[in-house]
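# Observations on the model geometry
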Amino acid sequence: MSQGGLVLLAGLLWALGPSPVSPIHVYTQREVHGTVGSHVTLSCSFWSSEWISEDISITWHFQAEGSRDSISIFHYAKGQPYIDDVGSFKERMEWVGNPQRKDGSIVIHNLDYTDNGTFTCDVKNPPDIVGKSSQVTLYVFEKVPTRYGVVLGSIIGGALLLVALLVALGYLLRYCWLRRQVALQRRLSAMEKGKLQRSAKDAAKRSRQAPVLYAMLDHSRGTKAASEKKAKGAPGDSRKDKK
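Okay, so let's go over this structure. (Residues numbered from 1 in each chain as written. Predicted model: local features only at pLDDT ≥ 70, side-chain atom pairs only at ≥ 80, totals over all residues. Heavy atoms only, no water.)

Quick look at the overall build of the protein now. Secondary structure summary: the protein contains two helices and twelve strands in total. Ordering the α and β elements of the protein from the N terminus gives α-β-β-β-β-β-β-β-β-β-β-β-β-α. Looking at the protein residue by residue over its 243 residues, the buried ones come to 20%. Considering only contacts in the protein between residues 6 or more positions apart, those separated by 24 or more positions represent 58%. On the protein, roughly 18500 Å² of surface is accessible, and the fraction owed to carbon and sulfur atoms is 59%. (Helix = DSSP H or I, 4+ residues; strand = E, 2+ residues; numbered from the N terminus. Buried < 20%, exposed > 50% of the residue type's maximum accessible area, 1.4 Å probe, protein only. Contact = heavy atoms within 4.5 Å. Areas by Shrake-Rupley, 256 points an atom, 1.4 Å probe, with all protein chains shown as cover.)

Our focus in this paragraph is the sheet that holds strand S10 (residues 117-124). Pairing is mixed across the open sheet formed by six strands, whose spatial order is S2-S12-S10-S5-S6-S7. Edge positions in the sheet fall to strand S2 (31-35) and strand S7 (80-83), since each of these pairs with one other strand and no more. Sheet twist, expressed as the mean angle between neighbouring strand axes with direction ignored, is 20°. Relative to strand S12 (residues 134-141), S10 runs antiparallel, the two being bridged by five bridges. What sits directly across from Phe119, in S12, is Val136. (Pairing = 2+ DSSP bridges. Axes fitted to C-alpha atoms, helices over the stretch in contact; angles between N-to-C directions.)

What follows is about a nonpolar patch on the surface. On the surface, Leu162, Leu166, Leu169, Leu172, Leu173 and Tyr175 cluster together into a nonpolar patch covering about 620 Å² of accessible area. Mapped onto the elements, Leu162 comes out in helix H2 (residues 148-242). (Patch = residues over 30% accessible without salt bridge, like charges linked within 9 Å, V, L, I, M, F, W, Y side chains within 5 Å. Salt bridge = Lys/Arg side-chain N within 4 Å of Asp/Glu carboxyl O.)

Turning our eyes to something else, we now look at the pattern of salt bridges. Under the defined criterion, the tally for this structure stands at four salt bridges. Between Lys90 and Asp85 there is a salt bridge; the shortest N-O distance is 2.8 Å. You can call Asp85 exposed: its relative accessible area is 58%. Note that Lys124 and Asp122 form a salt bridge whose closest N and O atoms lie 2.8 Å from each other. Residue Lys124 is classed as partly exposed on the basis of its relative accessible area, which comes to 24%.

Remember that the coordinates give geometry; whether it matters functionally is a separate question.
Listed below in structure tokens is the structure:
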């Protein structure tokens, strides 16, 4: 067989050979909080490169807080959910998942302090069976505590609201100040205009009084001059009378 034929045969065998399997990915929350007597949903979703097989299996394990042992509490296989008899979840667990929607969630009712621990969700979808399980930690309290993020968000929101109020107050004060300045400027302009009008009236009045004053002055000067002339001519007349 020629070298080209060998290369072609190798390529054909590689094409017909098994394709590489992508790992399955499982996702859960990091932690869930609940109160005594209430219920919580332990969400589990997954992604698989293969079509959802009839042989898909979903398993939940539980490791109690402070324990090293992990027990199986739920198993889904062949289209049927099975709740294990081991542990205290038999009467308090509910299957709410749907493998066709890539959902393997369960609900635990009537929570108790003994439910504190780590829950592990594991999914196999043959031939996609390689992957890592995902864990979620359940904390059961008498009363759900306020999360740090909620407190921090409230503080930041209050601070932003206070800043917004201060900015709005600043703009309001500036607006009032500008209105007052405009009103004051208008008042000053009106006063200046009034002064100018009074000055113009006074000037017109003085201009009307000036000819009268000049006439009076001229009359006064003429009268004075006539009196002085008469006074000078009086002695001569008396001498004529004596003669």
